Each structure stands twice: as C-alpha cells, then as structure tokens.
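# Descriptive structure summary
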Amino acid sequence: DGGITQSPKYLFRKEGQNVTLSCEQNLNHDAMYWYRQDPGQGLRLIYYSQIVNDFQKGDIAEGYSVSREKKESFPLTVTSAQKNPTAFYLCASSISTSGNTIYFGEGSWLTVV
Amino acid sequence: GNSVTQMEGPVTLSEEAFLTINCTYTATGYPSLFWYVQYPGEGLQLLLKATKADDKGSNKGFEATYRKETTSFHLEKGSVQVSDSAVYFCALRSGGSYIPTFGRGTSLIVHP
C-alpha cells in the first residue's frame, strides 16, 4: 500500500545525544515536510523539501537537521543543540502544486530521559 | 501572508448533537482548503477538501463549504458520535506558496 512510514514510533534520547527519525514515502511525491507537535498544540514546521538535494528551514529549524538524498526519504536529526526536544514529530509529503492533499505519517514520539 | 483561524476548543457535545467548528482564512490568490482529523497518538488524516469557491467537501457525514465571500470553511456534522472525538485542523494551500498553512486545531469531545 502507498503511504508514509515513520520510524521508530517511540524513541528515547539521553541528554547530549543526536537522534535520527526516519521518514520514507512511496507516493512518488516531490515535496516532504517535518512538523513538531507539542501536547495540546498545533503543528510547527521544522524543515521542508521540494526536490531532491534541496531543503529549506521552516519556523523552528534551530537544533534540527535534515537531508534529501533520495526522493522517497527525508530523515530528521534532532541534535544535542535542541534544548527541548520532547515532542511528537510528524512527517508529511505532497505533490508540490497547491491544490493537492498533504499526506501524513503516523508520527514519532521523542522523549528525553 | 497566509493564515488560518479556528475556534478555540475544546468543543464538548453529547452524542447525536449538531457540530460546527468555525474556520476562517486569509490567503493570497485562490487557496485550496482542507480539514484534517487527528486521533490520539496518530498522524493527521484528510477528512475533506474543496479547491474552489462554492465547492462542498464531504466525508463520513462531515461537510464544509468553501465560502469566498466570507473567507470561511466551517466544518459541520448533523449528528456526532463518540468515535468522532479527536482534534480537527483546518488548513489551506495557496498558489503563492506550496507550503500548507494549518490552524491551531480544535479538540472535539463527544460524551455518550
């Protein structure tokens, strides 16, 4: 089935560690996005990418990094510079043109221990 | 720039009550409008969408009409169920930017 797969579903990070969240899509979408969601809050855009080997910072990029080496993959690294990383992370993808639906993965929970 | 404003939640209803969740927007150009639903601990799922003025999106008993004159896209359902309890997000994508703009979300709680 076509869709977006995020892994892992749950991840625990120790202080000072970098962790990487995986996002893979088989929808042949050009654009991919990473959002952060804090409990009871809306979505905040971290990074987005419209094509392979190109990505742009969103509203809260500090302490995060991404890569887009393949069309279907858009991993997010939460670095030790992100001081408050505990949150729910959502990956999404879409065809670039504006009228098309944005599809979401099931999300990944990251907790600092 | 683009923006989406949703009514504050939580919205608390009894089963079989009528639901309205208000959504208004500002956008450049002619946006496409979406409603997404998020169940606890899950990602967002598309509920319905409308791509031009006066279009009505509908799905699972939910409806929303694209009103250009009032820049609104209110979500309605005639009779809610406990299983409709979730967070609902209004969103738009405008020709000026392919980046989607989301509202803050409205939590719906339906009691038996």
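Residues numbered from 1 in each chain as written. Chains lettered and ligands numbered in written order. Predicted model: local features only at pLDDT ≥ 70, side-chain atom pairs only at ≥ 80, totals over all residues. Heavy atoms only, no water.

At the junction of the two partners, chain B supplies 20 residues and chain A supplies 27 residues. Surface buried jointly by chain B and chain A totals about 1800 Å² across both partners, of which 56% is contributed by carbon and sulfur atoms. Area buried by chain B at its contact with chain A is led by Leu44(B), Arg93(B) and Tyr98(B), which between them contribute 33% of it. The interface formed by chain B and chain A includes 0 salt bridges. Put simply, the parts of the chain that give the side of chain B that touches chain A at least two residues each are β5 (32-38), β6 (44-50), β10 (86-94) and β11 (97-102) of chain B. (Contact = heavy atoms within 4.5 Å. Buried area = accessible area lost by both parts, 1.4 Å probe. Salt bridge = Lys/Arg side-chain N within 4 Å of Asp/Glu carboxyl O. Helix = DSSP H or I, 4+ residues; strand = E, 2+ residues; numbered from the N terminus.)

On to the pairing of strand β4 (residues 23-26) of chain B. Residues and elements named next belong to chain B. Side chains Cys23 and Tyr25 of β4 all project onto a buried face; the interleaved residues Thr24 and Thr26 project onto a face where none is buried. Pairing geometry for strand β1 (residues 3-6) and β4, over 4 bridges, is antiparallel. Directly across from Gln6, in β4, lies its bridge partner Cys23. (Buried < 20%, exposed > 50% of the residue type's maximum accessible area, 1.4 Å probe, protein only. Pairing = 2+ DSSP bridges.)

Before going further, it helps to examine the side chain of Thr106(B). All names here are of chain B. Summarising the element assignment, Thr106 is placed in strand β12 (residues 106-111). The class of Thr106 is buried, set by a relative accessible area of 0%. At 2.8 Å, the side chain of Thr106 forms a polar contact with the backbone oxygen of Met7. Non-local contacts of Thr106, meaning those with residues more than four positions away in its chain, are made with Gln6, Met7, Glu8, Gly9, Val11, Ile21, Ala86, Val87 and Tyr88. (Polar contact = N/O pair within 3.5 Å; in protein donor to acceptor, adjacent residues only side chain to side chain.)

Let's shift gears to a nonpolar patch on the surface. All names here are of chain A. Judged by side-chain polarity, Tyr10, Phe12, Trp109 and Val113 come together as a nonpolar surface patch covering roughly 470 Å² of accessible area. Structurally, Tyr10 can be placed in strand β2 (residues 10-13). Take Tyr10: its relative accessible area is 55%, and that puts it in the exposed class. (Patch = residues over 30% accessible without salt bridge, like charges linked within 9 Å, V, L, I, M, F, W, Y side chains within 5 Å. Areas by Shrake-Rupley, 256 points an atom, 1.4 Å probe, with all protein chains shown as cover.)

Just geometry here; none of it tells us what the structure is for.
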